[in-house]
Every structure is written in C-alpha cells, then in structure tokens.
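Each chain, written out:
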Amino acid sequence: MSSIDSQTTDFKRTTRTVDLAGLSGKRIPAEVIECGSGMPIVFLHGLVGLNEHWGKVVDRIASRVRCVTLEVPLLGLRGVDCSLSAVSAMTMQFLDREIGEPAILVGNSFGGHVALRVTHERPELVHALVLAGSSGLIERTVVKGAPVRPTREWLVEKIGELFYDKSKMDPNDVDRAFELLNERGGARAMVKLSKSARRDNMTDDLADIMQKTLLIWGKEDIVTPPSAGQGFSELMPNAKLHWLDNCGHAPMIEAPIAFGEAMHGFFDELEADGQFGS
C-alpha cells in the first residue's frame, strides 16, 4: 500500500481505562484511546506527555493501522512503582493482555526508552520500533535543579526547551504540569523517573535488538541531541535515521505531518519485506 497524503482524516475513537499492576501490587489506572484497524501500533509518551499529543500523527496513519495510545500517570507514581523498570513492566502487561500480538511500538523521550527496554526483555511482544527523541543513550535532563514546588515560570522555561518553535508549546500543557508537579510528590516523581532512566544506559543492549527501527529525530533537539539519534542508528543493527529540520524534542507535536509521512514510508518498507499485515 502506498503512502497517503498528509491530509488529516477524522476517525472514530474509543476511550477506556485499564488497570495495570504496579510492582507494589497497587492498581495503576491508565487511559487508552484506540482507533483504526490492522497492524497494532502502540504509542508511549514521555514524562509530561499525554495521549492527545499523538493525535495529529494518529489522524495521518489510522486509515492503515490500529492505533492505540497508552497514557500511564507517570507523575502520580510513587515508591517502587516510580521507575523506568516498573513502567516497562506495566507496559509489558498491557501488551500481553490488551494487544495480544506483536505490535509496533512508537515512543518519545522516556516512552522511547520504555519501548527499548520492553523490546530487549520481551522481543516477542514487539514487531518493530519507531523512536523519537528517545532516552537510553545520551540525554540532557530538563529536571536538574527542579524545585520541590516548581513555579509556572520555571515550567514555561523547561517545557519550552522541548521545542524549536516555542509557539508550538500549548499553555494548557504548562497549566497541567504546574498542577501535577505541585501535588504532593509530583516533582519528586519526575526527578526519580528521570534519574532511573539516566541510570539505565542501553549502550551494551542495543546490538541485541533486531527489530526494524525507524528513528525520527529533530535536528534542533537539545534534550536528546542529534548525536543521540546518530548513536542509536550506529548501535542498532536494523535502524534507519530520519531527520526533521527545525524541530526539537517532541516531533509528534511540532511536526506531525512529517512524522506521519515518515511512518507511512516505514510501513511501506515493512510491507515490501513481507512484515506488514493488511
């Protein structure tokens, strides 16, 4: 099937809540939004990400695939549930129980790192990977020196660092982050998750990941810089790097048309290799 143009199409979406089991035994509610049919594509967000941040990309590919966005309340996690390994374990549960067949995992930032960890530990769950600004190799933390109760001004500066074009930053995202990070333990959760990701450097694991991988990287990403994307492409046996000009750390928000087109090209390649179901 050839790539479609970049015109947005509306698709019927279903939304539900699933309970995932944390390492603590606590039930963690996660929001799932699904649309389309065919090969399952599961989207994983970053530390301050939302399902809705994938919406414009989903609109551009849902005529061809089954799109499933998974939103785990990362900043609400506490104790042993607040780590990269715990979130990866919850994601594996979700794939086992709710997807039931190998999926293409699409991850941004922390979500990309989760996708990599899941693929390394449970390769049978993963058909292919799409990584955008993934941590796991080289990243500059945006939470260094985070105050216990961040001010809105501090958040505007830090969230703004995710974008090349600051006008693409949604003030509602700042308001939401301000509320979450000023709840008891919210800022500590962000710092703890960030530290757990930085400790989990995957340099020695990447050669084991044999799934075809598309790396979509903003050339102006200052969090996981271009050298990180280049590093992934050199260390992963079946990775291909796709650069986006004038784009930062959140290309699904800043450049959704280009992101969707790159994914269609990836689907075409998988189809040509007989690895893409109809």
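Residues numbered from 1 in each chain as written. Predicted model: local features only at pLDDT ≥ 70, side-chain atom pairs only at ≥ 80, totals over all residues. Heavy atoms only, no water.

Draft legend 1. Seen up close, helix α7 (residues 226-235). Along α7, the residues classified as buried are Ala228, Gly229, Gly231, Phe232 and Ser233. At its buried positions, α7 is contacted by α3 (110-121), β7 (213-218) and β8 (239-244). (Buried < 20%, exposed > 50% of the residue type's maximum accessible area, 1.4 Å probe, protein only. Helix = DSSP H or I, 4+ residues; strand = E, 2+ residues; numbered from the N terminus. Contact = heavy atoms within 4.5 Å.)

Draft legend 2. Up close: the environment of Met210. Considering the arrangement of structural elements, one finds Met210 in the loop between α6 (186-199) and β7. The spacing of Met210 and Arg97 is 113 residues in sequence and 24 Å in space, taken between C-alpha atoms.

Draft legend 3. Summary view of the packing of helix α2 (residues 84-99) against α3. Where α2 meets α3, the axes come as close as 9 Å, and the angle between the chain directions of the two elements is 65 degrees. Taken together, the axes of α2 and α3 lie roughly perpendicular to each other. α3 is crossed by α2, and the crossing has right-handed handedness. Along its contact with α2, which presents Leu84, Val87, Ser88, Thr91, Met92 and Leu95, the element α3 presents Phe110, His113, Val114, Arg117, Val118 and Glu121. (Axes fitted to C-alpha atoms, helices over the stretch in contact; angles between N-to-C directions. Parallel < 35°, antiparallel > 145°, perpendicular 65-115°, else oblique. Left-handed = near helix turned anticlockwise from the far one by under 90°.)

Draft legend 4. Representation of the nonpolar core. Phe94, Phe259 and Met263 are the most contacted members of the largest nonpolar core, which totals 87 residues. Non-local contacts of Phe259, meaning those with residues more than four positions away in its chain, are made with Trp54, Val57, Val106, Val130, Ala132, Ile216, Pro251 and Met252. (Core = buried A, V, L, I, M, F, W, Y, C linked by side-chain atoms within 4.5 Å.)

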